[in-house]
Amino acid sequence: MAHRRRVAGAVVLMCALAGCGGARTSTAAPSASPSPREPTSTPRPTPHPTQHPARHPSRHTRTPAPSATGIPVAPAAGKLLVFVVENHSLDEMRSQMPWTYALAHRYGYATAYRAMTHPSLPNYLAIAGGSTFGVNDDDDPSAHPLHGPSVFGEALRAGLTARVYADAMPSSCFLTSAGEYAVRHNPWTYFVDERAECRTFDTPLARFAADVRAGHLPDAGMVVPDVCHDAHDCSLATADAWLRQVVGLAMSGPDFRSGRLAIVITADEDDGSQGNTVLTVVIHPGVRAEVVSQPLSQLSLSRLYAEVLGVPPLREAASAPSMATAFHLALARR
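## Observations concerning the nonpolar core
Counting 90 residues, the largest nonpolar core has Phe 83, Phe 152, Phe 208, Val 247 and Ile 283 as its most contacted members. For this core, the leading source of residues is helix 9 (residues 236-252), giving 9 residues. Beyond its immediate chain neighbours, meaning those up to four positions away, Phe 208 contacts Leu 81, Phe 83, Tyr 165, Leu 217, Val 223, Val 246, Leu 249 and Ala 250.

## Some points on the sheet that holds strand 4 (residues 162-166)
An order of 5-4-6-1-7-8-2-9 is seen for the 8 strands of this open sheet, with the pairing classed as mixed. Looking at which strands have only one partner, the edges of the open sheet turn out to be strand 5 (202-204) and strand 9 (290-292). Direction aside, the axes of adjacent strands within the sheet are offset by 20 degrees on average. Its contacts with the sheet put helix 9 on strand 1 (79-85), strand 6 (220-224), strand 7 (261-267) and strand 8 (280-283), and the angle it makes with strand 1 is roughly 170 degrees.

## A look at the pattern of salt bridges
The full count for this structure, using the stated rule, is 9 salt bridges. The salt bridge involving Asp 91 is made with Arg 94; its shortest N-O contact spans 2.8 Å. Of this pair, Asp 91 and Arg 94 both sit in helix 3 (residues 90-96), 3 residues apart, roughly one helical turn. Since its relative accessible area comes to 39%, Asp 91 is described here as partly exposed. Of the residues examined, Arg 94 reaches a relative accessible area of 27% and is grouped as partly exposed. For the salt bridge of Arg 163 with Asp 211, the shortest nitrogen-to-oxygen distance reads 3.9 Å. Taken together, the residues span a long stretch of sequence, with Arg 163 in strand 4 and Asp 211 in helix 8 (residues 208-214) at a distance of 48 residues.

Criteria and cut-off values
- Residues numbered from 1 in each chain as written.
- Predicted model: local features only at pLDDT ≥ 70, side-chain atom pairs only at ≥ 80, totals over all residues.
- Heavy atoms only, no water.
- Core = buried A, V, L, I, M, F, W, Y, C linked by side-chain atoms within 4.5 Å.
- Buried < 20%, exposed > 50% of the residue type's maximum accessible area, 1.4 Å probe, protein only.
- Helix = DSSP H or I, 4+ residues; strand = E, 2+ residues; numbered from the N terminus.
- Contact = heavy atoms within 4.5 Å.
- Pairing = 2+ DSSP bridges.
- Axes fitted to C-alpha atoms, helices over the stretch in contact; angles between N-to-C directions.
- Salt bridge = Lys/Arg side-chain N within 4 Å of Asp/Glu carboxyl O.

Listed below in structure tokens is the structure:
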């Protein structure tokens with residue numbers, strides 16, 4: 001009964017985000033720019049505070065121009081948005097997430113991307129901070145006050161934008177788990193030197209649709225699903241349907257359509273069945289049918305944030321293999 005209530009809740013949230021009449025599941029390859037129906041009653045987007053203004057699109061990327069051969073240059077990414085699924089292996093995700101795997105075939109995916117460790121939290125910290133910080137549990141931020149920058153704080157200090165959108169989070173930068181919100185899946189909450197920035201820019205998912213439509217998605221972004229939508233407590237089919245709505249919405253907006261935005265779908269760890277190998281998908285108009293066999297990890301994803309932002313990679317991410325190079329992802333010049 002609890003599972004049925006969570007699934008029903010997932011449908012309600014997906015409809016709120018995308019104005020749908022019910023989630024659809026399809027094994028057909030999605031188009032390069034899905035166009036879900038927009039919400040009918042979404043609040044007007046809130047402007048970014050003046051101390052961290054949204055940059056004009058022209059400062060994010062160059063306008064594609066013909067090369068010497070007359071072939072247009074691939075659009076260059078200046079924004080990165082990451083989605084994380086929970087506790088499922090590469091093979092499970094490929095077989096049970098048909099919409100997500102169709103995206104992988106159309107754009108690109110890795111076959112040797114391995115999570116750092118078990119359990120969840122240190123893997124999220126590796127993405128956001130370039131290190132597991134020696135953490136080997138899922139305790140709250142009060143148990144692990146981390147000092148130094150995250151990729152989100154690094155973006156803000158560079159004069160760029162950053163935001164985490166957390167599904168089911170009661171209020172901004174919420175420091176304990178509540179209901180279906182798991183704080184261990186929201187890594188910015190652990191970086192105590194950036195607590196003020198977290199309170200401003202680590203926000204509930206409700207504002208996501210307005211930011212998509214306005215072209216105000218952040219330079220460094222992450223979407224944190226709740227514990228049903230990330231397949232921790234619900235099925236991969238439920239997660240796939242939710243991603244179809246929320247990732248599909250992001251792909252319908254001007255950030256993605258212009259080539260400014262790259263999207264990554266990955267998992268924090270596997271279920272112990274495949275050596276911590278998980279499906280990792282890179283979605284961008286300039287990435288086409290890439291299958292990457294080079295070993296990659298969450299440190300590579302942390303480095304990708306830095307590469308997209310044009311800032312130095314954090315901690316161990318500096319020596320991680322480049323995902324931008326592996327996927328032939330063109331980057332904006334800043």
